[in-house]
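Residues per chain, in single letters:
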Amino acid sequence: MTSERVGDVDPGSSVEHAFAAALTPRRERTRERLLDAAFTVFARHGIRGASIEAVCEAAGFTRGAFYSNFGSKEELFLALAERAMRRQLASLESVGKELQPDIVRGGSVDHDAIRAVLSVVVTDPGDARQWALMRAELELLAMRDPAVGRPFLAQEETLRTELGAAIERILDDLGLRFTVDRRTAVDMLLSVYESSARAAVVANPTPEDGDAAPGTAVLSQLVNLLVTTNS
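Residues numbered from 1 in each chain as written. Predicted model: local features only at pLDDT ≥ 70, side-chain atom pairs only at ≥ 80, totals over all residues. Heavy atoms only, no water.

*Asks:* Sorry if this is basic, but what is going on with helix α2 (residues 24-49) here?
*Replies:* For an α-helix, the turn length of 3.6 residues means that residues three or four places apart are oriented alike. The first and last C-alpha atoms of α2 sit only 31 Å apart over 26 residues, clearly below the 38 Å expected at 1.5 Å per residue. A43 marks the point of greatest bend in α2, at about 85 degrees. Where α2 is concerned, the buried positions are T30, L34, L35, A37, A38, F39, V41, F42, G46 and I47. (Helix = DSSP H or I, 4+ residues; strand = E, 2+ residues; numbered from the N terminus. Expected span 1.5 Å × (residues − 1). Bend = angle between axes of the 7 residues up to and from the residue. Buried < 20%, exposed > 50% of the residue type's maximum accessible area, 1.4 Å probe, protein only.)

*Asks:* Just to check I follow, could you spell out helix α8 (residues 146-173) for this structure?
*Replies:* If you check α8, its first and last C-alpha atoms are 40 Å apart, about what 28 residues at 1.5 Å a residue would give, namely 40 Å. In the segment just after α8, G175 is the residue with positive phi, at about 75 degrees.

*Asks:* Quick question: what am I supposed to make of the environment of I167 here?
*Replies:* Among the secondary structure elements, I167 is positioned in helix α8. Counting along the chain gives 74 residues from I167 to E93, while the straight-line C-alpha distance between them is 8.2 Å. In this structure I167 touches L92 and F178, once residues within four positions along its chain are discounted. (Contact = heavy atoms within 4.5 Å.)

*Asks:* Can you walk me through the packing of helix α5 (residues 73-98) against α8 in this structure?
*Replies:* Packed helices, taken two at a time, are described by the angle their axes make and the gap between the axes. Interhelical geometry of α5 versus α8 gives an angle of 0 degrees and a closest axis separation of 10 Å. With respect to their mutual orientation, α5 and α8 come out roughly parallel. Within the contact between the two elements, α5 uses E74, L78, A79, A81, E82, M85, R86, L89, L92, E93 and G96 and α8 uses V148, P151, F152, Q155, T158, L159, E162, L163, A166, I167, R169 and I170. Along the lines of polarity and charge, the residues of the contact of α5 with α8 split into 14 nonpolar, 3 polar and 6 charged. (Axes fitted to C-alpha atoms, helices over the stretch in contact; angles between N-to-C directions. Parallel < 35°, antiparallel > 145°, perpendicular 65-115°, else oblique. Nonpolar A, V, L, I, M, F, W, Y, C, P; charged D, E, K, R; others polar.)

*Asks:* Can you help me understand the pattern of salt bridges in this one?
*Replies:* Pairing of side chains with opposite charge becomes possible as their charged atoms draw close. Tallied over the entire structure, the rule returns 16 salt bridges. Here E168 makes a salt bridge to R182, at a shortest N to O gap of 3.0 Å. Residue E168 is found in helix α8, and its partner R182 is found in helix α9 (residues 182-203); the two are separated by 14 residues along the sequence. We classify R182 as partly exposed; its relative accessible area is 32%. Notably, a salt bridge pairs D187 with R183, separated by 2.9 Å at the nearest N-O pair. Here D187 and its partner R183 are both found in helix α9, 4 residues apart, which amounts to about one turn of the helix. Residue classification places D187 among the partly exposed residues on the basis of a relative accessible area of 25%. One salt-bridge network, in which partners are shared between bridges, spans R135, E139, E156, E157, R160, R183, D187 and E194. (Salt bridge = Lys/Arg side-chain N within 4 Å of Asp/Glu carboxyl O.)

*Asks:* What is the right way to read the packing of aromatic side chains from this model?
*Replies:* Describing an aromatic ring pair means giving the distance of the ring centres and the angle of the ring planes. In this structure the tally under the stated criterion is 5 aromatic pairs. Aromatic pair F39 and W131: ring centres 5.4 Å apart, planes at 50 degrees, arrangement tilted. Separated by 92 residues along the polypeptide, F39 in helix α2 and W131 in helix α7 (residues 125-144) bring together distant segments of the chain. Ring geometry for F66 versus Y67: centroids 5.2 Å apart, planes at 85 degrees, classification edge-to-face. The exposure class of F66 is buried, given its relative accessible area of 0%. You can call Y67 buried: its relative accessible area is 8%. The rings of F39, F42, F77 and W131 are connected pair by pair, giving a single aromatic cluster. (Phe/Tyr/Trp six-rings, centres within 6.5 Å; stacked < 30°, edge-to-face > 60°.)

This is the structure in structure tokens:
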């Protein structure tokens, strides 16, 4: 794959780059608009099929504005994925604060409480479909291109570490713990979730085919195996 990277930027955009860097709040708004536009364009055309020009046009910016914030389409997608995960982590923390200690009944976790937590992770069917498709495409690119693979793995490591810490804090507040080490538990939970997301897309390859949100039944059962009381 030929990436559209920093070297493709027009030298004439250096003034715009410096201007954007100097205005941090404005630059942040620019990044957010580019990220919003990228989700729409990537969802429609895929990462490889989308062009930087299409993203810029959808956001209402020039290539110079793009390159003042991102070095390539792949970097843009990683930023998009990180933003989504940050929002899910914030939602997870919020839901965790609302859970009551009495969700532990008779030595087991209430299934309704599990579903409440999982609902934060499972996005609506349309978004779930697009994220599954885009993530699968990026993973394939990462396996073929070390320049994509290295930042992809670094981001995965960071996000899994933070997700594990967030879940463990919630469990501790509720008098619960993982039955295995935290990283193994997170890897297992994410593997099941991602597998369910891919299966949902394969079973419903187009929006007209119905719900493409990953199911939570297997994930819920896995939580029962991985979570126990402290006593």
